[in-house]
Amino acid sequence: MSGAPKKSLLSAALSGAPSSTTPAVPPTVGLSGLGSLEAFPCLLHAPDDGTALDALAGGIESMDLSKVHVVGSVPTNTVLPNGKQLADYPLDPYRRRGGKECLSSSYSVASPMGMADDKMGYMLSGSLTQHYNAVIGSLPRGLTSDERMRVRQSAPMSPAVGSLQQLPQDKVGARTIEGRKLRRSVLKGSVIAFVTAGYSGKRFIFEKAHELGVKAIVLDGPDSWAQLMQREGIIAKFCPIDFSNAEHVFENCSKAIRAASAELGGLDGITTFCEMAVPLVARLTEALGLPGNTPDAVDAARDKYMTRTCLAQAGLPTPR
């Protein structure tokens, strides 16, 4: 059976032509003029008072795109007022899955080892690529269950955790507007440390945290772009850490977090954007008596052989 191809309701609505499956009808005002709303699930429950679509169209037409801030992974300004260029890690635009942080060639300098095959050159002290392989191998062992319990019992309770315990737990965990308000009230004023800031496209995360009242402590290389956020008041504290000093990186990070949190009035958590920093964060949270994944669990998750061994011991199916 030949004939013109059929148009869906969505195609017909966008083109201004009627769908071949429904007879042409005079234009109407409001949502009823769209025919079946199954093609428009976002409008299915909108009020059909004749104003919803007009308001939507009017809002789009009145937008000034020159003033719209689009969130993404595009690097932001990473230059100090004195003109010094800071290190940044933009995503590789040629990697299909994204996610691979690459240091721009403009931040590379001559390799001190004279390695001719090192196309990227010697990377600055903020580079994750250069240092985290060494850092992971130098980290201390995890604590035993008894040691972990003693640390948690001796750790001071943070103000955020104290206020959380005073709230009704059933309402705090509820998926309601009241529950969200209670959770945000606890989050406001909390102190969270970030080990590495990632690339500058993640700036919007710190901006949102600041908007929610979080006091962020950022640990990164001395040349990291993140120090600009402390100047602008987005984060509470920037702590420069030399990650090339693998032997003492755990102690240096722990000391920096303790000093910054004491200045800010407590510490509620430690997190990271970088997978390579997860083993370091696991040991920091454990040593400071904070909630988090144990080093044993993190180390097993990052090692395929250990992961399969743990799955087999738990009686779960695993590749052989």
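> Explain the overall build of the protein chain to me, please; I cannot follow it from the model alone.
When helices and strands are tallied, the protein chain shows 13 helices and 4 strands. Counting all 320 residues of the protein chain, 32% fall into the buried class. Contacts in the protein chain between residues far apart in sequence, at least 24 positions, make up 51% of those at least 6 positions apart. Accessible surface computed for the protein chain: about 20,200 Å², of which carbon and sulfur atoms make up 57%.

> Could you clarify how one ought to interpret the environment of A160 in this entry?
On the secondary structure map, A160 appears in helix α5 (residues 159–165). A160 sits in the buried class, given a relative accessible area of 13%. Sequence-wise, A160 and S190 are 30 residues apart; in three dimensions their C-alpha atoms are separated by 5.7 Å. Beyond its immediate sequence surroundings of up to four residues, A160 is in contact with V186, S190 and D268.

> Which parts of the structure should I look at to understand the environment of W225?
Take W225: it is sitting in the loop between β2 (215–220) and α9 (227–231). Along the primary structure W225 and A197 are separated by 28 residues, whereas in three dimensions their C-alpha atoms are 8.4 Å apart.

> What exactly am I supposed to notice about helix α13 (residues 304–313) here?
In this structure D303 caps α13, since a side-chain oxygen of it lies 3.0 Å from the backbone nitrogen of Y305. Backbone geometry just downstream of α13 places G315 in the positive-phi region, at approximately 80°.

> For this particular structure, what's the right way to read the sheet that holds strand β3 (residues 237–240)?
Where strands meet in a sheet, backbone hydrogen bonds hold them as pairs that are either parallel or antiparallel. Strand order in the open sheet formed by 4 strands is β3-β2-β1-β4, and the pairing between neighbours is parallel. Edge positions in the open sheet fall to β3 and β4 (269–272), since each of these has one partner strand only. Strand-to-strand twist in this sheet, taken as the mean axis angle between neighbours without regard to direction, amounts to 20°. For β2 and β3, the ladder comprises 4 bridges, and the chain directions are parallel. Residue D220 lies in a different strand from β3, and its bridge partner there is P240. Along the sheet, helix α10 (residues 249–264) makes contact with β1 (191–195), β2, β3 and β4, crossing β2 at roughly 160°. Here helix α11 (residues 278–287) sits on the sheet and contacts β1 and β4; the angle it forms with β4, its principal contact strand, is near 175°.

> Is there a simple way to think about the side chain of S224 in this case?
Counting through the fold element by element, S224 comes out in the loop between β2 and α9. Judged by its relative accessible area of 0%, S224 is buried. Looking at S224, its side chain comes within polar contact range of the side chain of D220, at 3.0 Å. With near-sequence residues (within four places) excluded, S224 lies in contact with L86, A87 and F238.

> Help me understand the confidence of the model for the protein chain, please; the structure alone is not making it clear to me.
Close inspection of predicted coordinates is inappropriate for parts of the model with low pLDDT. Overall, the prediction assigns the protein chain a mean pLDDT of 74, with 60% of residues at 70 or greater. For residues 24–34, every residue scores under 50 in pLDDT, and the model assigns this stretch 18 contacts once sequence neighbours within four places are set aside. Every residue in residues 70–74 is under pLDDT 50, and counting partners more than four places away or in other chains gives 7 contacts.

> What's the story with the state of the cysteines in this structure? I'm lost.
Disulfides are covalent bonds that link the sulfur atoms of two cysteine residues. Counting across every chain of the model gives 0 disulfides. Free cysteine C239: the closest other cysteine sulfur is in C253, separated by 9.1 Å.

> I keep staring at the packing of aromatic side chains and nothing clicks. Help me out?
Two numbers describe a pair of aromatic rings. These are the distance of the centres and the angle of the planes. Within the structure shown, the criterion is met by 3 aromatic pairs. Judged by centre distance (5.6 Å) and plane angle (90°), the ring pair of F206 and F273 falls under edge-to-face. Placement of the pair is F206 in helix α8 (residues 203–211) and F273 in the loop between β4 and α11, with a sequence separation of 67 residues. Accessibility expressed as a relative area gives 1% for F206, which makes it buried. The exposure class of F273 is partly exposed, given its relative accessible area of 27%. Put simply, the rings of F194, F206 and F273 touch in pairs and so form one group of aromatic residues.

The rules behind each value
Residues numbered from 1 in each chain as written. Predicted model: local features only at pLDDT ≥ 70, side-chain atom pairs only at ≥ 80, totals over all residues. Heavy atoms only, no water. Helix = DSSP H or I, 4+ residues; strand = E, 2+ residues; numbered from the N terminus. Buried < 20%, exposed > 50% of the residue type's maximum accessible area, 1.4 Å probe, protein only. Contact = heavy atoms within 4.5 Å. Areas by Shrake-Rupley, 256 points an atom, 1.4 Å probe, with all protein chains shown as cover. Polar contact = N/O pair within 3.5 Å; in protein donor to acceptor, adjacent residues only side chain to side chain. Pairing = 2+ DSSP bridges. Axes fitted to C-alpha atoms, helices over the stretch in contact; angles between N-to-C directions. pLDDT = per-residue confidence, 0-100. Disulfide = S-S within 2.5 Å. Phe/Tyr/Trp six-rings, centres within 6.5 Å; stacked < 30°, edge-to-face > 60°.

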